[in-house]
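Breakdown of the fold
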Amino acid sequence: MTQETIFQILTEAALEARKDKAKELSALLNTFLSDLREHVTGGVSASIYGIYKPTDEQVVPFLVKTIQGLAKGIETARKSDTPSAKTYIQSTQLKIETLSLFLPKALTDEELQEAVIKAIDSSSLEITDKKLFGSVMASLKSNYEGRYVPSEVRSIFERITKV
């Protein structure tokens, strides 16, 4: 038995929202799925690619970017004290919380530390090489995208390497 992909879960959730007549949730999920399709296929018809089934490796980074974009919108809106800005912040925060539910489970502190150590050990760079942190971040991004906070990686990295 294969595990459902994030794309399959999102698609099923969008269908359920439409069936339940949850208009805002349906709009959010269907808009995200449409934007994802555009991102993955580059705007070319998905039929050219055969069956359109994006992998978690394609979905997670796009989901993270979407959430980050919404968060930037909130930052900008916080500079205004208008009722419409407050409404925007509330609805956008709800969108962020909803989309975040589809991200893979965050790494625990221990798991993140193990992942950083593994990335350091598997790197060909010396512990004193200034490029090592970039190598560690690239490794984490490719293996654990959306499951950690980058600033926490920096703290762990500095503690381990004593840089």
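Details of the structure are given in the entry above.
This section reports on the structure supplied with the text.

**Things to note about the packing of aromatic side chains**
Summed over the entire model, instances satisfying the criterion amount to two aromatic pairs. Note on Phe 32 and Phe 62: the rings are 5.5 Å apart at their centroids and 40° apart in plane angle, and the pair reads as tilted. On the criterion of sequence distance, the pair formed by Phe 32 in helix 2 (residues 23-41) and Phe 62 in helix 3 (residues 56-77) is long-range, its members being 30 residues apart. Residue classification places Phe 32 among the buried residues on the basis of a relative accessible area of 2%. When the ring centre of Phe 133 is taken as origin, the NZ or CZ atom of Arg 154, which lies over that ring, is 3.7 Å away.

**So, helix 7 (residues 150-161)**
Its twelve residues give helix 7 an end-to-end C-alpha distance of 16 Å, which sits within 8% of 16 Å, the value for a rise of 1.5 Å per residue. For helix 7, the complete set of buried residues consists of Val 153, Ile 156, Phe 157 and Thr 161. Taken end-on, helix 7 shows its buried residues confined to a sector of 115°, consistent with a single buried face. Looking at the packing, one finds that the buried side of helix 7 touches helix 5 (109-122) and helix 6 (132-144).

**Digging into the side chain of Ser 123**
Among the secondary structure elements, Ser 123 is positioned in the loop between helix 5 and helix 6. Using a relative accessible area of 15% as the deciding quantity, one classes Ser 123 as buried. Among the polar contacts listed, one links the side chain of Ser 123 to the side chain of Ser 135, at a separation of 3.4 Å. Setting aside chain neighbours within four positions, we find Ser 123 in contact with Leu 132 and Ser 135.

So, how was this worked out
- Residues numbered from 1 in each chain as written.
- Predicted model: local features only at pLDDT ≥ 70, side-chain atom pairs only at ≥ 80, totals over all residues.
- Heavy atoms only, no water.
- Phe/Tyr/Trp six-rings, centres within 6.5 Å; stacked < 30°, edge-to-face > 60°.
- Helix = DSSP H or I, 4+ residues; strand = E, 2+ residues; numbered from the N terminus.
- Buried < 20%, exposed > 50% of the residue type's maximum accessible area, 1.4 Å probe, protein only.
- Lys NZ or Arg CZ within 6 Å of the ring centre and 35° of its normal.
- Expected span 1.5 Å × (residues − 1).
- Arc of directions from axis to C-beta.
- Contact = heavy atoms within 4.5 Å.
- Polar contact = N/O pair within 3.5 Å; in protein donor to acceptor, adjacent residues only side chain to side chain.

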